[in-house]
Amino acid sequence: MDRQPGLSVRLKLTLSYAGFLMLASALLIAVVWVFLLRYVPDSEVMYGPGGFIPNRSDLWRAFAPRAGTALIFLLVFGLLGGWLLAGRMLAPLDRIRDATRRATNGSLSHRIELEGRNDEFRELADAFDTMLARLEAHVAEQQRFAANASHELRTPLAISQTLLDVARNDPDHRTGELVESLHAVNARAIDLTEALLLLSRADQRSFAREHVDLSLIAEEAAETLLPLAERRGVTVEASGDITPTVGSHALLLQMTTNLLHNAIVHNLSRHGAVWVNTAVGPGAVLLTVENTGERLAPQLASTLTEPFQRGTERIRGDHAGVGLGLAIVKSIVQAHDGTLTVVARPAGGLRVTAQLPAVRGG
């Protein structure tokens, strides 16, 4: 934004200090006049036992030049002292300004770290440091996400290119197998693109909010995924209380569906189980999805919500997904001002809990 040049804050403060000092001095002279000189009679020259007695005019003629000299001295003193004091007071702003310019130029690792006791400048510097730290982490996460997304999107394109090259050099022209392979690769690319769009929508919080019941959403998701669970030999049990909250029905349904789909697919090969429970806590509603499965290291469980992070031992050939299921869940939960907890069950599998703000009275 283009702005007209103006006085610096330091000069404004200097002029304010000097002006206040001059005003205080003028008031002091006025007090002397009002409460002292006005009571001295302005009569003819008088002589008393002690000699000459000055009148009001004599006192004023003697006082006025010295008062003027004092005002000039105070003006110079106020300007010089005000300039030094303003510079000292505004020194923290210089450091904040330098840090802002560095951040504008792309350096987010710099911190102000303003020393001293707490005051307004220190609070501003600490808030700016916190903002820089969060911004640096967000940018780093976005860069990792962009790199991973590029890699994931490049994979199906490379596979398609390889299939086309093989088909072009194949004298038998087995187009049926080629079409089936390209269809599978294309479906995976479409799923990945849709997942990326959904993740972006959740991150931007560009959705309308309404009153919803997580228990009904959980039942809807369980009914939708019941055929998949039956084909894989997994039992799904849903229970819990009415859990009213505010948010996007479509996004919360996607969140619950992702959790259930993840729990069904990454389960035991035989006699697996998934438990879905909704509950109301102090000021929050809870959706918990647990499943049986292979034992996972706690360190691995904590990374599963990162985009494109997959536990190698959890990947199954079909329904392997695109690596964004729990990342989308995490973004949806955060977009609804909630928290997501993922822990490994001692007996195997995961326990995922989404905690969202509750609504009184449903």
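Up top is the structure.
This one's a predicted model, so the numbers in the text were calculated from it and none came from an experiment.

**Things to note about the overall build of the protein chain**
Stage number 1. Counting its regular elements, the protein chain contains eight helices and nine strands.
Stage number 2. Taking contacts inside the protein chain between residues at least 6 apart in sequence as the whole, the part at least 24 apart equals 69%.
Stage number 3. When the accessible surface of the protein chain is summed, it comes to about 22600 Å², and 59% of that surface belongs to carbon and sulfur atoms.

**Observations regarding helix H8 (residues 325–335)**
Stage number 1. Among the eleven residues that make up H8, eight are buried, leaving the element largely enclosed by the rest of the structure.
Stage number 2. Within H8, the full set of buried residues consists of Leu326, Ala327, Ile328, Val329, Ser331, Ile332, Val333 and Ala335.
Stage number 3. Downstream of H8 by a residue or two, Asp337 has a phi angle that is positive, lying close to 60 degrees.

**Regarding the sheet that holds strand E6 (residues 272–281)**
Stage number 1. With mixed pairing, five strands are arranged side by side in an open sheet as E4-E6-E7-E9-E8. Either end of the sheet is taken by a strand with one partner, and the two such strands are strand E4 (234–240) and strand E8 (339–344). When strand polarity is set aside, the average angle formed by the axes of neighbouring strands in this sheet is 15 degrees.
Stage number 2. Two strands pair when backbone bridges link them, and E4 and E6 are joined in this way by seven bridges, in the parallel orientation. In the strand pairing of E6, Thr235 is matched with Ala273.
Stage number 3. Together, E4, E6, strand E7 (284–291) and strand E9 (350–357) form the strand contacts of helix H6 (residues 249–265), whose direction differs from that of E7 by roughly 25 degrees.

**A short note on empty space enclosed by the protein**
Stage number 1. Scanning the entire structure with this criterion turns up one cavity of 30 Å³ or more.
Stage number 2. Size it by volume and the largest cavity reaches roughly 50 Å³.
Stage number 3. Leu259, Asn262, Ala263, Val289, Asn291, Leu326, Leu350 and Val352 together form the lining of the largest cavity.
Stage number 4. Where the lining of the largest cavity is concerned, the elements lending two or more residues are H6, E7 and E9.
Stage number 5. By residue number, the principal contributor to the lining of the largest cavity is H6, which donates three residues.

**Remarks on the environment of Ala18**
Stage number 1. In this structure, Ala18 sits in helix H1 (residues 9–35).
Stage number 2. Using a relative accessible area of 3% as the deciding quantity, one classes Ala18 as buried.
Stage number 3. Once the C-alpha coordinates of Ala18 and Leu75 are considered, the two residues, 57 residues apart in sequence, prove to be 6.0 Å apart.
Stage number 4. Beyond its immediate sequence surroundings of up to four residues, Ala18 is in contact with Leu75, Gly78 and Leu79.

**Considerations on the pattern of salt bridges**
Stage number 1. Evaluation of the coordinates by the stated rule reveals six salt bridges.
Stage number 2. The shortest N-O distance in the salt bridge between Arg351 and Glu290 comes to 3.2 Å. Of this pair, Arg351 sits in strand E9 while Glu290 sits in strand E7, and the two are 61 residues apart along the sequence.
Stage number 3. What makes Glu290 buried here is its relative accessible area of 18%.
Stage number 4. One salt-bridge network, held together by shared partners, links Asp94, Arg97 and Asp98.

What counts as what
Residues numbered from 1 in each chain as written. Predicted model: local features only at pLDDT ≥ 70, side-chain atom pairs only at ≥ 80, totals over all residues. Heavy atoms only, no water. Helix = DSSP H or I, 4+ residues; strand = E, 2+ residues; numbered from the N terminus. Contact = heavy atoms within 4.5 Å. Areas by Shrake-Rupley, 256 points an atom, 1.4 Å probe, with all protein chains shown as cover. Buried < 20%, exposed > 50% of the residue type's maximum accessible area, 1.4 Å probe, protein only. Pairing = 2+ DSSP bridges. Axes fitted to C-alpha atoms, helices over the stretch in contact; angles between N-to-C directions. 1 Å grid on protein atoms, 1.4 Å probe; cavity = no way out; pocket = protein on both sides within 12 Å on 5 of 7 lines; lining within 4 Å. Points joined across faces, edges and corners; volume = space filled by probe spheres on them. Salt bridge = Lys/Arg side-chain N within 4 Å of Asp/Glu carboxyl O.

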